[in-house]
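Fold and geometry: a report
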Amino acid sequence: MRKIAALAGAAMLSAAWMGTSPAFAQSGPTVRFGHMNSPTHIVHRGAERMRAALEQAGVRMELFPSAQLGENSAVLEQLTLGANIITQVGPGTIAQYAPNYSVLVYPFLYNNFEEVKRLIESPLVKSWEPGLARNNIKLLCAFNFGTRDLYTRNRPVRTPADAAGLKVRVQPVAIYTELVRSMGGQPTPMPWPEVYSALSQGVIDAAEAPPNALLDQKHTEAARFYMQTNHILDASVIVMSLRAFNALPAPQQQSLQKAANEMCDWMTGEATRSYDESVAEIERRGMTIVRDVDRAAFARNAEGIAAAFPNWTPNLVGEVRKALGR
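Residues numbered from 1 in each chain as written. Predicted model: local features only at pLDDT ≥ 70, side-chain atom pairs only at ≥ 80, totals over all residues. Heavy atoms only, no water.

All right, on to the overall build of the protein chain then. If you tally the helices and strands in the protein chain, you get 15 helices and nine strands. By the compact-globule yardstick of 20 Å for 326 residues, the protein chain fits well, its C-alpha radius of gyration being 20 Å. C-alpha extents for the protein chain along the principal axes are approximately 60 × 45 × 40 Å. Residues classed as buried in the protein chain amount to 57% of the 326 residues present. Summarising the internal contacts of the protein chain: among those between residues at least 6 apart in sequence, 77% fall at separations of at least 24. Carbon and sulfur atoms make up 51% of the accessible area of the protein chain, which amounts to about 13700 Å² in all. Here the protein chain holds 32 positive side-chain charges and 29 negative ones, and the gap between their average locations is 3 Å. (Helix = DSSP H or I, 4+ residues; strand = E, 2+ residues; numbered from the N terminus. Rg over C-alpha atoms; globule rule 2.2 N^0.38 Å. Buried < 20%, exposed > 50% of the residue type's maximum accessible area, 1.4 Å probe, protein only. Contact = heavy atoms within 4.5 Å. Areas by Shrake-Rupley, 256 points an atom, 1.4 Å probe, with all protein chains shown as cover. Lys, Arg positive; Asp, Glu negative; His and termini not counted. Charge placed at Lys NZ, Arg CZ, Asp CG, Glu CD.)

Let us look at the layout of surface pockets. In this structure, the largest pocket encloses a volume near 630 Å³. Contributing to the lining of the largest pocket are 36 residues, with N72, T93, Q171, V173 and Y176 lying nearest its centre. Elements that contribute at least two residues to the lining of the largest pocket include exactly helix 4 (72–80), strand 3 (85–89), helix 5 (91–94), strand 4 (137–152), helix 9 (174–183) and strand 8 (225–241). In terms of residue count, the dominant contributor to the lining of the largest pocket is helix 9 (three residues). Among the residues forming the lining of the largest pocket, the class breakdown is 20 nonpolar, 12 polar and four charged. Looking at the second largest pocket, its volume works out to about 460 Å³. (1 Å grid on protein atoms, 1.4 Å probe; cavity = no way out; pocket = protein on both sides within 12 Å on 5 of 7 lines; lining within 4 Å. Points joined across faces, edges and corners; volume = space filled by probe spheres on them. Nonpolar A, V, L, I, M, F, W, Y, C, P; charged D, E, K, R; others polar.)

A few words now on the state of the cysteines. Summed over all chains, the structure comprises one disulfide. Note that C141 is cross-linked by a disulfide to C264, the S-S spacing being 2.1 Å. Residues C141 and C264 are joined by a disulfide whose S-S torsion is about 65°; by sign, that bridge is right-handed. Of the two residues, C141 sits in strand 4 while C264 sits in helix 13 (residues 250–284), which places them 123 residues apart along the sequence. Judged by relative accessible area, C141 falls into the buried class, the value being 7%. Overall, the relative accessible area of 1% leaves C264 in the buried class. (Disulfide = S-S within 2.5 Å.)

With that settled, consider the pairing of strand 8. Counting buried positions along strand 8 gives 16 out of 17 residues, so the element sits mostly inside the fold. Inspection of the sheet shows strand 3 paired to strand 8 by four bridges, in the antiparallel sense. In the sheet register, T87 faces strand 8, and the bridge partner there is V239. Looking at chain direction, strand 4 and strand 8 are connected through 13 bridges and run antiparallel. Paired with L150 across the strands is M227, a residue of strand 8. (Pairing = 2+ DSSP bridges.)

This brings us to the environment of A47. Relative to the helices and strands, A47 is located in helix 3 (residues 42–55). Judged by its relative accessible area of 0%, A47 is buried. Sequence-wise, A47 and M61 are 14 residues apart; in three dimensions their C-alpha atoms are separated by 8.9 Å. With near-sequence residues (within four places) excluded, A47 lies in contact with F33, M61, L63 and M263.

Another aspect to go through is the pattern of salt bridges. Under the counting rule described, the total for this entry stands at 16 salt bridges. Here R32 makes a salt bridge to E62, at a shortest N to O gap of 3.6 Å. Here R32, found in strand 1 (residues 30–34), pairs with E62, found in strand 2 (residues 60–64); they are 30 residues apart in sequence, far enough to count as distant. The residues R32 and E62 share a single accessibility class, namely buried. (Salt bridge = Lys/Arg side-chain N within 4 Å of Asp/Glu carboxyl O.)

Moving on to unusual backbone geometry. One non-glycine residue with positive phi stands out, namely A67, at about 60°. Overall, A67 belongs to the partly exposed group, its relative accessible area being 22%. A positive phi angle, close to 60°, is found at K218, a residue other than glycine. Relative to the elements of secondary structure, K218 occurs in the loop between helix 11 (211–216) and strand 8.

What follows covers the environment of P210. Tracing the sequence through the fold places P210 in the loop between strand 7 (206–209) and helix 11. Overall, the relative accessible area of 1% leaves P210 in the buried class. When the C-alpha atoms of P210 and A83 are compared, they prove to be 30 Å apart, with 127 residues separating the residues in sequence. Not counting residues up to four positions away in its chain, the partners in contact with P210 are F145, G146, T147, R148 and Y226.

What follows covers the packing of aromatic side chains. Taken as a whole and judged by the stated rule, the model has five aromatic pairs. Look at Y106 and W312: their rings are 6.1 Å apart centre to centre, the planes differ by 55°, and that puts the pair in the tilted class. With Y106 in the loop between helix 5 and helix 6 (113–120) and W312 in the loop between helix 14 (295–302) and helix 15 (316–323), the pair connects residues that are 206 residues apart, well separated along the chain. Owing to a relative accessible area of 2%, Y106 belongs among the buried residues under this scheme. Relative to Y226, the ring of Y151 has its centre 6.3 Å away and its plane inclined at 15°; by these criteria the two rings are stacked. Taken together, the residues Y151 in strand 4 and Y226 in strand 8 connect sequence positions 75 residues apart. For Y151, a relative accessible area of 0% puts it in the buried group. (Phe/Tyr/Trp six-rings, centres within 6.5 Å; stacked < 30°, edge-to-face > 60°.)

So this is what it looks like as structure tokens:
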């Protein structure tokens, strides 16, 4: 049923893109930007900036925050089937079409986002792009979604032993599931919009996210302890339908790519700048910040995660570290 729904959505949205109605000829192409964040999140504010830039190039963008078009993997599926969608997803989500991409969010891998950008622009990662193209995915740009930390309803966590048995919400993506297992917790896949009520009701014990995302969803009202595990520097990507991109005239392609790059640079700056401010705001709202986390112990446990990804090319983590100059 999900496949049928995705096909139907793709057909309707593609019709709008390709100009099957008189309105298309009058107003130019229209693209839909759908994402799971609220209208106050950096992704939506970044998309608003991109929309303003595209208007100057004769491309209309409609924004759909708060999962109005569906959760990440469902929206990405519509995109692969031809829908005129731009969306924000994690590398772990596009990895269902090109497996190596999930290594971009491997735990405890980077020192800063400049290393992420260098890796994404490297020949190693560029060599994976045909896997996306075969599935109608064009990667427009990457940005820093934030540094991910662990937070809990009622238990401080300083070591992997402290996390034993915690039911931790994860994205329905393998790399995050394996991360939580390495921490000692029990991965509990769940859509992001459901996390607030699940924390409030005790359905889950914990979650992990960047601090600005926690604030965006008001999780400070349902959780007491915030651990600065810094376990993933969360690269995220902006993608769109490759066929829809190729259907644009060259000047509009260039304008769209330029607007996307500027959006990603702006979001990276905002996420990087706001980390300390967001943690301070979390503390002001009553959560206890646990700063003395044994990150080295968590990092050692995470070293074995690669074994859970047999579809990766051999020694992929080693190749990534080589590309980073390690």
